[in-house]
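# A look at the structure
Given next are the chains, with one letter for each unit.
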Amino acid sequence: MKLILFLVFPCLLVSGDQQNGTKSKDEELPIASFISSNVDGFVQEPSNSTSSDNLATNCDCKCKSDENTIDIHGVDYCIDDFCCTSKSIKSEVRCGRRGQGRATVHVNEASMGEFPWMVAMLREKDAAGEISETLHCGASLIHPQVVLTAAHCVHNKNDSYKIRAGEWDISGTNELYPHQDRGIKETIVHPRYRSGTLFYDVALLVLESPVQLTENVDVVCLPDKSTVVSSNLFCYGTGWGRKVFTEEKTNSTILKKVELAVVDREACLKRLKSTRLGSHFKLHETFICAGGEIGLDLCKGDGGGPLVCPVPDEDGRFYQAGIVAWGINCGEDIPGAYVDIVKVIDWIDDIMISQHFDTTIYHY
């Protein structure tokens, strides 16, 4: 049984000593120390992907053919040249609104623009200086100029990253809505993050310039510290990570969505102790659990992405309850571990205020 950090790295087995309980009860399990260095599971990004620069900003152009015009939310686009007849920039920011894009026919695939806060984190250069855009992690947009992700996604200082907002099909170049790429100006990691245990596994990425809020790019809501994420609440995890839970290393090209139930803390801990983590394993307070249904899970490549739950009494609106962190294998009957946003929201607010960003944009 393998311990998986939901980035793109395969992990090694926990040692037999840990399984047999020779560690003291107070000794911390060095989760990340079981990550091997051989990287796999990357999805190569096409170099000619559609850019937001292709979208007309004054919106007074005409489409080439009326037959190719699709009207969504009052905005007319051409599939080929992305002409429009009205402004697509949202006049009112209201976090966590689930998009109503075109329907998909495959199970566990998101519709185009359905989760407009979803962000792809791309590696631009590797440690050897080679230039290649490859999927690295997931993330979420909490402000037009700030992205939330896992600290383990940015721990390698030798790599260069950028973010892509509004992506849906990472293998395609002819989407209805264009994506927006931005460079990262500053990376801020939680000061209590520990790479050996993944405690406080959270980071903020300040972008070089804000993204434009459009039909497929918007901010997610965040909870306040009094929010209670109830057990058995059904939420969604999203990402482009591995979609087949076998030795076949196949990532999703279309953004996947997986419905996951929040798992009671004691029940989750019991299941985790039954694995090779051993009977002395302790689940740190900065984690919550979700999933545990066979065949429904997030996996390698999904790390840093959001776990979003419905805002009470508001249909179609969501807040981010967790960040994809780690799990035992993929697709088995063992819940995955997610960073508990409630436990780190004060730190997020403090950083946002110190950077002169408005926090009301993501509080509901």
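Structural notes, computed from the coordinates. (Residues numbered from 1 in each chain as written. Predicted model: local features only at pLDDT ≥ 70, side-chain atom pairs only at ≥ 80, totals over all residues. Heavy atoms only, no water.)

## A few points about the nonpolar core
Put simply, the rule reads: What is meant by a nonpolar core is a set of buried Ala, Val, Leu, Ile, Met, Phe, Trp, Tyr and Cys residues, joined one to another through side-chain atoms within 4.5 Å. Type-normalised accessible area, obtained with a 1.4 Å probe on protein chains alone, sets the label of each residue: buried when under 20%, exposed when over 50%, and partly exposed for intermediate values. The secondary structure listing takes helices from DSSP runs of H or I that are at least 4 residues long and strands from runs of E that are at least 2 residues long, numbered from the N terminus. Domain extents, as shown, originate in an automatic or database domain assignment. Throughout, a residue-residue contact means that at least one pair of heavy atoms, one from each residue, lies within 4.5 Å.
By size, the foremost hydrophobic cluster in this structure holds 95 residues, and its most contacted members are Ile142, Trp326 and Ile348. Ranked by the residues each element gives to this core, the list is headed by strand β14 (residues 318-328), at 8 residues. Residue contributions to this core reach at least three from each of two domains, namely domain 1 (118-219 + 345-355) and domain 2 (233-342). When residues no more than four places from it in sequence are discounted, the contact partners of isoleucine 348 are Ile142, Leu148, Leu204, Leu222 and Tyr362.

## Observations regarding the pattern of salt bridges
Put simply, the rule reads: Salt bridges are counted wherever a side-chain nitrogen of Lys or Arg sits within 4 Å of a carboxyl oxygen of Asp or Glu.
If you walk through the whole model with that rule in mind, you get 15 salt bridges. Glutamate 314 serves as the salt-bridge partner of arginine 94, at 2.8 Å between the closest nitrogen and oxygen. Separated by 220 residues along the polypeptide, arginine 94 in the loop between β3 (75-78) and β4 (118-125) and glutamate 314 in the loop between β13 (306-310) and β14 bring together distant segments of the chain. Where arginine 164 meets aspartate 181, a salt bridge forms, and the shortest distance between an N and an O atom there is 2.7 Å. With arginine 164 in strand β7 (residues 160-165) and aspartate 181 in strand β8 (residues 180-189), this pair connects stretches of sequence that are 17 residues apart. Arginine 164 sits in the buried class, given a relative accessible area of 2%.

## Topic: the state of the cysteines
The test is simple: Note on terminology: pairs of cysteine sulfur atoms within 2.5 Å are recorded as disulfides.
This structure, assessed with the given rule, holds 5 disulfides. Here cysteine 137 connects covalently by a disulfide to cysteine 153, the sulfurs 2.1 Å from one another. Judged by the sign of its S-S torsion, about -85°, the cystine formed by cysteine 137 and cysteine 153 is left-handed. A residue pair is termed long-range when its members are at least 10 positions apart, and cysteine 137 in strand β5 (residues 131-143) and cysteine 153 in the loop between β6 (146-149) and β7 qualify at 16 residues. At a sulfur-sulfur separation of 2.0 Å, the disulfide partner of cysteine 268 is cysteine 289. The sign of the S-S torsion, about -70°, decides the handedness of the disulfide formed by cysteine 268 and cysteine 289: left-handed. Residue cysteine 268 is found in helix α2 (residues 265-273), and its partner cysteine 289 is found in strand β12 (residues 287-290); the two are separated by 21 residues along the sequence. Accessibility classification places cysteine 268 together with cysteine 289 in one group, the buried group.

## What to know about empty space enclosed by the protein
So the rule is basically this: Method remark: on a 1 Å grid restricted to protein atoms, a set of points is classed as a cavity if a 1.4 Å probe fits but cannot get out and as a pocket if it is open with protein on both sides within 12 Å along at least five of seven lines; lining residues have an atom within 4 Å of a point. Grid points are joined across faces, edges and corners, and a volume is the space filled by probe spheres set on the points. Classes in brief: Ala, Val, Leu, Ile, Met, Phe, Trp, Tyr, Cys and Pro nonpolar; Asp, Glu, Lys and Arg charged; the others, Gly included, polar.
Per the counting criterion, the structure on display carries 4 cavities of 30 Å³ or more. Of the pockets and cavities examined, the largest cavity occupies roughly 60 Å³. Lining the largest cavity, in full, are Ser111, Gly113, Glu114, Phe115, Pro116, Met118, Gly166, Glu167, Trp168, Asn216 and Leu255. A per-class count over the lining of the largest cavity returns 5 nonpolar, 4 polar and 2 charged.

## Some details on α2
In an α-helix, one full turn covers 3.6 residues, which means residues spaced three or four apart are oriented alike. To be explicit about the condition: The directions considered for the arc run from the helix axis to the C-beta atoms. Nitrogen and oxygen atoms within 3.5 Å of one another constitute a polar contact, given that in protein one can donate a hydrogen and the other can accept it, and given that sequence-neighbouring residues count only through two side-chain atoms.
Along α2, the residues classified as buried are Cys268, Leu269 and Leu272. Looking down the long axis of α2, one finds its buried residues gathered within 100° of arc, a one-sided arrangement. Of the residues in α2, the exposed ones pointing more than 90 degrees away from the buried face are Glu266 and Lys270. Where the residues of α2 are buried, they touch β11 (256-263), β12 and β14. With a side-chain oxygen lying 3.1 Å from the backbone nitrogen of glutamate 266, the N-terminal cap of α2 falls on aspartate 264.

## Concerning helix α3 (residues 341-354)
Selection criterion: Any helix carries an expected span of 1.5 Å times its number of residues minus one. Note that the bend at a residue is defined as the angle between axes fitted to the seven residues ending at it and the seven residues starting at it.
Its 14 residues give α3 an end-to-end C-alpha distance of 19 Å, which sits within 8% of 20 Å, the value for a rise of 1.5 Å per residue. For α3, the principal kink sits at tryptophan 347 and spans about 25°. Buried residues of α3: Ile341, Val342, Val344, Ile345, Trp347, Ile348, Asp349, Ile351 and Met352, and no others. Positive backbone phi, approximately 65°, marks histidine 356, located one or two places after α3.

## A short note on the side chain of histidine 179
Along the chain, the position of histidine 179 falls in the loop between β7 and β8. With a relative accessible area of 6%, histidine 179 lands in the buried category. Within polar-contact distance, the side chain of histidine 179 engages the side chain of arginine 164 at 3.5 Å.

## A look at unusual backbone geometry
Phi is positive for leucine 198, close to 65°, though the residue is something other than glycine. Within the secondary structure, leucine 198 sits in the loop between β8 and β9 (203-207). The buried category is assigned to leucine 198, whose relative accessible area is 0%. Of note, the phi angle at tyrosine 200 is positive, near 55°, even though the residue is not glycine. When you line up the elements, tyrosine 200 lands in the loop between β8 and β9. Residue class for tyrosine 200 comes out buried when judged on its relative accessible area of 7%.

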